[in-house]
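The primary structure of each chain is shown beneath.
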Amino acid sequence: MSLHFADYLIILVYFIFVIGVGFLIKKKIKSSNDFLTSNRSIPLWITSLAFISANLGAQEVIGMVASGAKYGIMTVHFYWVGAIFAMVFLGVFMMPFYYGSRARSVPEYLSLRFDEKTRGLNAISFAVMTVFSSGISLYALAKLMESILHWDFDISIWVSAGIVMIYTFLGGLTSAVYNEVLQFFLIVLGLSPLVIIALQDAGGWDNIKHLLQPEMTHAWKYMGNANDNPMGLHFMSLIFGLGFVMSFGYWCTDFLVVQRAMIARNMGDAQRTPIIAAIPKMMMPLIVVLPGVIAITLMQPALESKGYRIPTAANGELDYTMTLPSLIAHYYPTGILGVGITALIASFMSGMAGNVTAFNSVFTFDIYQSYFVKNKSDRHYLLVGKCVTVVGILISIVTAYIAKSFNNINDFLQLVFGFVNGPLFATFLLGMFWKRTTGHGAFSGLVAGTIAAAITHGVTVAEGKGGWIAPLYPIKSGMGQAFIVAGVSWTFNFFTTILVSLVTKPKPDEQLKGLVYSLTEKPKYHQQKWYLRVVPLGILLLVITLLLNFIFF
Amino acid sequence: MLKKLNDLQFVIGLFFSVVSVILLLNVLLDDHSSNLNIYTGSCFLVFGLAMMLIRGKGN
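As the structure is a computational prediction, the values presented were derived from the model and not from experiment. (Residues numbered from 1 in each chain as written. Chains lettered and ligands numbered in written order. Predicted model: local features only at pLDDT ≥ 70, side-chain atom pairs only at ≥ 80, totals over all residues.)

Turning next to the interface of chain A and chain B. Counting residues at the interface gives 20 residues for chain A, matched by 18 residues for chain B. Put simply, the parts of the chain that give the side of chain A that touches chain B at least two residues each are helix 1 (5–26), helix 8 (153–201) and helix 17 (336–372) of chain A. (Contact = placed C-beta atoms within 7 Å. Helix = DSSP H or I, 4+ residues; strand = E, 2+ residues; numbered from the N terminus.)

Here you go:
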């Protein structure tokens with residue numbers, strides 16, 4: 001694949017615009033709250049699109065296309081079982097606590113609800129995870145550009161990190177959020193023509209169903225037995241592991257996405273943010289799963305004349321991560337090729353900027369201000385926030401180079417993230433809905449859940465990974481293993497938190513008002529029109545999601 | 001103009017309009033350019049102008 005003048009010009013225009021947004025926002029930044037929390041001033045349509053765009057990083061775009069090619073239409077479970085239900089739950093039940101408590105971050109909510117040690121554990125693990133995720137995203141971008149465009153690895157790293165640093169340093173969270181919305185439109189509109197022409201080339205959905213094995217085009221039909229489907233999962237493992245633990249854990253507790261709802265103008269908008277975001281999220285499989293299914297169809301003997309193949313890795317197996325870049329190279333001519341490459345770059349930048357802005361909020365408010373330097377002027381924390389942005393980007397660059405030298409570090413870090421994130425939702429669920437939950441209980445539960453996750457991974461083995469204690473339980477796919485690890489860690493956290501809470505002293509009710517469901521005044525919706533109320537909107541979305549599951553059963 | 005640039009809808013509209021102009025110019029200047037650039041460029045132009053106009057109406 002080689003780019004021409006028009007392609008480079010489009011990439012350049014994109015860079016100018018994202019940096020320009022940073023300069024435009026800069027003059028509005030007056031305080032640390034402006035820089036780190038956008039001062040709760042962002043309109044609903046922007047928070048909603050930023051909410052899904054923060055998740056629309058490289059892992060989502062390239063990873064989901066790869067999964068579509070590897071596992072077929074079952075990949076939609078990440079959306080129609082996982083994301084939508086969790087987003088509706090966040091909007092209806094959890095946002096009133098996050099927003100109503102006036103906490104500036106998820107760890108700060110934990111400090112209000114439980115205690116400082118629970119906040120510290122969550123803040124430190126989250127800060128480490130986000131900054132390393134950002135580095136891995138950077139590494140993946142440079143590696144991709146090196147392999148498909150033969151761009152220099154170092155230049156790709158420094159240019160993309162430099163651009164993200166400029167616009168996040170200038171405009172903080174607002175700048176990142178505004179750019180995320182631009183990136184959202186670019187990714188969706190830039191990849192839509194690819195889906196249309198590739199689908200046409202594959203003969204339409206009916207021909208895909210005709211050419212592929214049935215388990216690749218049915219979401220549920222072959223999940224009664226783990227051996228019958230490409231993921232190697234029973235439907236109960238999927239519903240509990242992905243649908244409940246992993247999705248709710250990510251969408252409802254990860255500050256990276258929750259932060260986008262917390263910057264809305266008022267409680268109503270904060271609640272509506274994840275629910276409005278769920279509408280485009282529901283449609284995202286058209287952009288990020290369908291191309292993968294089309295790609296594998298184009299490799300069937302009947303369509304050999306189309307001349308498309310997913311590239312192979314050094315070991316001779318299909319390199320699924322190259323599915324999307326290879327489709328772009330195959331179908332996009334000069335001009336629109338620049339749009340496609342810019343969309344890929346945008347997805348990486350979006351992921352990186354999201355991580356960096358979440359990192360600097362948590363580091364400044366939950367680590368620096370809470371444990372190191374208290375009671376300084378607002379100007380001091382604004383300066384620290386800006387410095388942390390630069391430091392976060394520099395650590396990301398170092399991580400990217402470490403990832404280059406040690407290939408396994410990516411897998412290792414993803415694994416550790418899974419151990420930490422897996423059990424987290426149990427802590428929030430109990431903390432928000434059971435007032436008896438104590439700080440000691442929450443902290444012990446998080447530690448027990450993380451240890452349980454590590455042990456489960458150590459005794460299960462899938463695709464050559466895991467089993468480092470003893471390979472006792474073989475699992476067909478790595479994804480299935482991740483669901484089981486998450487399920488076990490959640491269960492251990494849940495019961496440990498309950499047991500320890502029962503033998504330790506809870507906070508008095510007065511201190512839990514606005515933080516626990518039973519002690520919080522419920523938002524009143526009856527004065528609003530039905531389409532502004534979160535409950536009817538949420539129910540409507542769930543009904544449509546169920547219908548989609550039924551259609552692709 | 002500077003005031004308009006403070007509005008995200010206007011910025012997004014302007015971005016897609018500029019990209020559409022590049023795509024359509026590429027069609028005009030390159031004999032071998034694909035029809036895909038025409039279709040995509042036209043769609044981007046409509047989207048870009050619509051975003052800018054919506055912003056204008058909103059004001």
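Structure shown, so let's carry the discussion forward.
With 25 residues, helix 22 (residues 478–502) of chain A ought to run about 36 Å at 1.5 Å a step, and its terminal C-alpha atoms sit 36 Å apart, in line with that. Counting buried positions over the 25 residues of helix 22 of chain A gives 18, a clear majority of the element. (Expected span 1.5 Å × (residues − 1). Buried ≥ 20, exposed ≤ 12 C-beta atoms within 10 Å, placed from the backbone.)

Residue and element names in this part refer to chain A. Strand order in the open sheet formed by 3 strands is 2-1-3, with mixed pairing between adjacent strands. The open sheet terminates on both sides in strands that have one partner only, identified here as strand 2 (465–466) and strand 3 (473–474). Direction of pairing for strand 1 (residues 460–462) relative to strand 3: parallel, over a ladder of 2 bridges. Within strand 3, the position partnered with Val461 by the bridge is Pro474. Against the sheet, helix 21 (residues 439–459) engages strand 1, strand 2 and strand 3, with an angle of about 60° to strand 1. The strands touched by helix 22 are strand 1 and strand 2; relative to strand 1, the strand with the most contacts, the crossing angle is about 155°. (Pairing = 2+ DSSP bridges. Axes fitted to C-alpha atoms, helices over the stretch in contact; angles between N-to-C directions.)

Time to look at the nonpolar core. Met87, Val164 and Val181 of chain A are the most contacted members of the largest nonpolar core, which totals 208 residues. In terms of residue count, helix 8 of chain A provides more of this core than any other element does, 21 residues in total. Built from parts of two domains, this core gets at least three residues from each of domain 1 (5–27 + 43–405 + 527–551) and domain 2 (409–522) of chain A. Residues within four places of Val181 of chain A in sequence aside, it is in contact with Ile46, Leu49, Ala50 and Ser53 of chain A together with Leu8 and Ile12 of chain B. (Core = buried A, V, L, I, M, F, W, Y, C linked by C-beta atoms within 7 Å. Domains from an automatic or database assignment.)

Don't take any of this as a statement about function, it's just geometry.
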